[in-house]
Amino acid sequence: MSNNIHVEDAKLLAISHHEGDQFIMRLHAPVIAAQAKAGQFVHIQVSPERAMRRPISIMFCDPEKGRLDILIKKIGQGTALLAKRQQGESLSLLGPIGKPFDLLDTSKRYILIGGGVGIPPMLAVAQHLKASARMVCFAGSEVPFPFKIRPSTVILPGIPSTAMMGLDVLENWKVPSRLASQQEYFGCFNGFVTELADQYLSALGTTEDCVLLACGPEVMLHAVAKLGQKWQLPTQLSLEAHMACGIGGCAGCVVKTVENGKEYYRRVCVDGPVFDAQVLAAYAG
Amino acid sequence: MNLSIPFAGLTLQTPLILLSGCVGFGEEYTRIEGFSNQDVGAVILKGTTLEPRMGNTPNRVYETPSGMLNAIGLQNPGTPYVIEHILPRLPHHETQFWANVNGSSIEEYAEVARRFDDSPVTAMEINISCPNVKEGGVHFGNDPVMSAKVVAAMRAVTKKPLITKISPNNAQVVDIVQACAEAGSDAFSVINTLVGMAVDIEKRQPILGNISGGLSGPAIKPVALWKIHQIREYTAKHQLPILGQGGICNGHDAIEFAITGADAIGLGTGLFYDPLLCKKILTDLEDYMQRHQFDAYQNMVGSLSC
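Quick caveat: nothing in here was measured; it's all calculated off a predicted structure.

S.K.: Just give me the short version of the interface of chain A and chain B, but keep the residues and values in it.
M.R.: Taken together, the contacts link 30 residues of chain A with 29 residues of chain B. With both chains or domains summed, chain A and chain B bury close to 2,500 Å², and 58% of this area falls on carbon and sulfur atoms. A per-residue breakdown of the area chain A buries against chain B is headed by Ala51(A), Ile247(A) and Tyr265(A), which together make up 25% of the total. The interface formed by chain A and chain B holds 3 salt bridges in total. As a salt-bridge pair, Glu28(B) and Arg267(A) come within 3.3 Å of each other at their nearest N and O atoms. Our count for the chain A to chain B interface comes out at 15 residue pairs in polar contact (both at pLDDT 80 or more). When residues of the side of chain A that touches chain B are traced back to their parent elements, those giving at least two are strand 1 (6-18), strand 16 (254-259) and strand 17 (262-267) of chain A. A total of 4 residues in the side of chain A that touches chain B trace back to one element, the largest contributor, which is strand 17 of chain A. Residues belonging to the side of chain A that touches chain B are distributed by class as follows: 16 nonpolar, 7 polar and 7 charged.

S.K.: Report on the layout of surface pockets, specifying residues and quantitative values.
M.R.: Approximately 740 Å³ is the volume found for the second largest pocket. If you list the elements that add at least two residues to the lining of the second largest pocket, you get strand 17 of chain A together with helix 1 (79-86) of chain B. When residues in the lining of the second largest pocket are grouped by element, the largest group, 6 residues, is from strand 17 of chain A. Partitioning the lining of the second largest pocket into residue classes produces 10 nonpolar, 5 polar and 11 charged.

S.K.: How would you summarise the pattern of salt bridges if you had to cite specific residues and measurements?
M.R.: When the charged atoms of two side chains with opposite charge come close together, those side chains can pair. Tallying each qualifying case throughout the model produces 21 salt bridges over all chains. Members of the salt-bridge network, linked through shared partners, are Arg50(A), Arg54(A) and Glu63(B).

S.K.: Pulling in residues and values, what's your account of the sheet that holds strand 5 (residues 61-64) of chain B?
M.R.: Residue and element names in this part refer to chain B. Spatially, 5-6-14-11 is the arrangement adopted by the 4 strands of the open sheet, whose pairing is antiparallel. Of all strands in the sheet, those bounded by a partner on one side alone are strand 5 and strand 11 (194-197). On average, each strand axis in the sheet is tilted by 40° relative to the strand beside it, whichever way the strands run. Here strand 6 (residues 67-70) pairs with strand 14 (residues 212-216) via 3 bridges, running antiparallel. From the neighbouring strand, Asn-70 faces strand 14, where its bridge partner is Gly-214.

S.K.: Any details on empty space enclosed by the protein? Residues and values, ideally.
M.R.: All names here are of chain B. Evaluation of the coordinates by the stated rule reveals 2 cavities of 30 Å³ or more. Of the voids in this model, the largest cavity is the one considered here, and its volume is about 500 Å³. Taken together, 36 residues form the lining of the largest cavity, with Ser-20, Cys-22, Asn-70, Asn-192 and Thr-193 sitting closest to its centre. Breaking the lining of the largest cavity down by element, the ones donating at least two residues are strand 6, strand 16 (264-267) and helix 8 (270-273). Broken down by class, the residue content of the lining of the largest cavity amounts to 15 nonpolar, 19 polar and 2 charged. In this structure, the second largest cavity spans a volume of roughly 40 Å³. In terms of lining residues, the second largest cavity is bounded by Leu-18, Val-23, Gly-26, Glu-27, Glu-28, Tyr-29, Thr-30, Phe-35, Asn-37 and Val-43.

Cut-offs used in this document
Residues numbered from 1 in each chain as written. Chains lettered and ligands numbered in written order. Predicted model: local features only at pLDDT ≥ 70, side-chain atom pairs only at ≥ 80, totals over all residues. Heavy atoms only, no water. Contact = heavy atoms within 4.5 Å. Buried area = accessible area lost by both parts, 1.4 Å probe. Salt bridge = Lys/Arg side-chain N within 4 Å of Asp/Glu carboxyl O. Polar contact = N/O pair within 3.5 Å; in protein donor to acceptor, adjacent residues only side chain to side chain. Helix = DSSP H or I, 4+ residues; strand = E, 2+ residues; numbered from the N terminus. Nonpolar A, V, L, I, M, F, W, Y, C, P; charged D, E, K, R; others polar. 1 Å grid on protein atoms, 1.4 Å probe; cavity = no way out; pocket = protein on both sides within 12 Å on 5 of 7 lines; lining within 4 Å. Points joined across faces, edges and corners; volume = space filled by probe spheres on them. Pairing = 2+ DSSP bridges. Axes fitted to C-alpha atoms, helices over the stretch in contact; angles between N-to-C directions.

Dropping the structure here:
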């Protein structure tokens, strides 16, 4: 059954460390890689001595080689332990978990907005849609991007010419991208990633077929939700939460929603992590 | 090897019981490849009140040394919904499902029990020890008289086995067990979580939305063993089984509980470490029983010599 969640001991094929306490792991997890969808995550055991696994978005997925790439930022004890893991070691994964992005309508133009360690699910979306739908990706970071970047060869409407850098992997897939930061990184838009997206939308002839997809810090998600309201666009947000079981058993990772005028707490792990911004109490207009 | 056990008039196919609050309404763990309901004697459903409850403001969970805090606050869709919509779709031929009964008043406990009496659940756990609600819960469970009143009110409306969940957050655990037994409790869950908290030093705020939460996991295992040891003399004399719980994460832990006096083994936070824990514990139990020549699990229970 394709909806099954697996416990899989993944082999750490490679770990690369980047500025800003970020690191990328390449894992061999063929069972999970065969099923993972854009927007899903793996729940990683930090150490056999720790009660709570850490939910980490799947970035790139290669089902043929059975590989998953994930980006993690060291922000606490659990992620610090993960940062110390060495190539060749084994990590217990639970996954793939969660409701993925809704990408069924390939006639849409998808606007991907990622911030920091929220960029990976956008790359998963790009990988999934690269052959089938139009899209553009805006990525923001206040620490150096942990990815290869290069000047984009695709001209985008509304984007200042000084903001010319894009992500190498997306360029290779012919997916236009632009970068934003307030750190005045060369070739990046000096401001918020959502401002970049707003300028792009302003220059588009029509925005009717656009859909916003986003993952990133709460403050960025609020700005994306506002952008969606301003342009009246369907907006899907991927959330994170402190998470215990990761499979819907404990209701520890909930977020408040308003559905048909009634309030609920929905589980980020299995009811999300992707939610329609309109149902999220904190993000709805 | 036969791992089935007698428990409060029921026969459980194994001594393992999945604990309330950790396994949703009985379907969630079956999403995991390799997990089988047939490895467990019973699954205790999430704590249920008469009316739906939203539960507490996030954050609700937080990792702590050798365990975690939770303050879910009994989020549940209410007893009528559970009986009408959830129980009918559970695989009752694979294992038993037990209700976990909660309320803000004695009347509510009794009404929830009355409704579950006419349902496929084979037993009811009485949660008078939830630390995360403002009314009921541990406010009843810390008082022997109130605890007994809740048990008696439920006893009056159901013949199904009643298992009282005991709080470790008081010193008079034997008094409470005795009062509940005299009021009609058939068994005891020992222990619920310990009350604790954690602080965000940057924001200088409590991490949990509820401020306090219940501490679970290996950190509380020694407390659980001690509480079982304290009540075991009384419960054994009155043939009242104990569902031991508190940080059981492997076969060694389970065997410790059995030797101390746990007639059944409860798994909760341990499943967060390893969702496929049940099979491993059963294998370890069988190995141990073979090595020590126990032909049935219950012969090992309470075999502690002090």
